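The lines below spell out each chain.
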Amino acid sequence: METLEVSKCPVCGELVEVADARVGLEVECPECGEVLRVVGMHPLKLYYALDPDEEPLPDE
């Protein structure tokens, strides 16, 4: 059975539904098209998916 989690896109604020979410999974926002990575669970948290060759942004 598929588990559906919901979070807001950090770019446009649109709700993004993620089926069978797990940390590291990449999804696309249906509104703005930004590729996002699941970075946290319970609650679901999405952040920009970085190119593997790029340095990650420092924590705020």
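In this text the structure is predicted, and so the values were computed from the model without any measurement. As a convention, each chain's residues are numbered from 1 in the sequence order in which they are written. In view of the model being predicted, local features appear only for residues whose pLDDT reaches at least 70, and side-chain atom pairs are presented and counted only at 80 or more, with totals across whole chains, interfaces and linings using the full set of residues. Side-chain figures throughout are based on the complete set of non-hydrogen atoms in the structure, without hydrogens or water.

**So, the overall build of the protein**
- Numbered from the N terminus, helices here are DSSP runs of H or I no shorter than four residues, and strands are runs of E no shorter than two. Per the secondary structure count, the protein includes 0 helices and 5 strands.
- Counting from the amino terminus, helix and strand elements in the protein follow one another as β-β-β-β-β.
- By definition, residues are in contact when any of their heavy atoms lie within 4.5 Å. Restricting to contacts in the protein with at least 6 residues of sequence separation, those with at least 24 account for 16%.
- Only the protein chains shown count as cover for residues, and the accessible areas themselves come from Shrake-Rupley with a 1.4 Å probe. Accessible area for the protein stands at about 4600 Å²; split by element, carbon and sulfur atoms hold 48% of it.

**Some words on the pattern of salt bridges**
- One side-chain nitrogen of Lys or Arg within 4 Å of one carboxyl oxygen of Asp or Glu is enough to make a salt bridge. Tallied over the full model, the rule gives 1 salt bridge.
- Here Glu 26 makes a salt bridge to Arg 37, at a shortest N to O gap of 2.4 Å. Linking Glu 26 in strand β3 (residues 26-28) with Arg 37 in strand β4 (residues 35-40), this pair joins segments that are 11 residues apart in sequence.
- When accessible area is computed with a 1.4 Å probe and restricted to protein chains, residues below 20% of their type maximum are described as buried, those above 50% as exposed, and intermediate ones as partly exposed. What makes Arg 37 partly exposed here is its relative accessible area of 25%.

**A word on the side chain of Ser 7**
- In this structure, Ser 7 sits in strand β1 (residues 4-8).
- Discounting residues that sit within four places of it in the chain, Ser 7 has contacts with Glu 14, Leu 15, Val 16, Leu 44, Lys 45 and Leu 46.

**Comments concerning the sheet that holds β3**
- Reading across from one edge, β3-β4-β5 is the order of the 3 strands in this open sheet, with antiparallel pairing throughout. Two strands lie at the open edges of the sheet, namely β3 and β5 (45-48), each paired on one side alone. Across the sheet, the mean angle separating the axes of adjacent strands is 45° when strand polarity is ignored.
- Strands qualify as paired when DSSP identifies two bridges or more between them. As paired strands, β4 and β5 are joined by 4 bridges and run antiparallel to one another. The axes are straight lines fitted to the C-alpha atoms, using for helices just the contacting stretch, and the angles between their N-to-C directions are given from 0 to 180°.

**What about the packing of aromatic side chains?**
- Working definition: rings of Phe, Tyr and Trp (its six-membered ring) pair if their centres are within 6.5 Å, and the pair is stacked with planes under 30 degrees apart, edge-to-face with planes over 60 apart, and tilted otherwise. Applying the stated criterion across every chain, the model contains 1 aromatic pair.
- When the ring of Tyr 47 is compared with that of Tyr 48, the centres are 5.0 Å apart and the planes differ by 75°; the resulting orientation is edge-to-face.
- Residue classification places Tyr 47 among the partly exposed residues on the basis of a relative accessible area of 28%.
- A relative accessible area of 30% means that Tyr 48 is categorised as partly exposed.

Read these as spatial facts, not as claims about activity.
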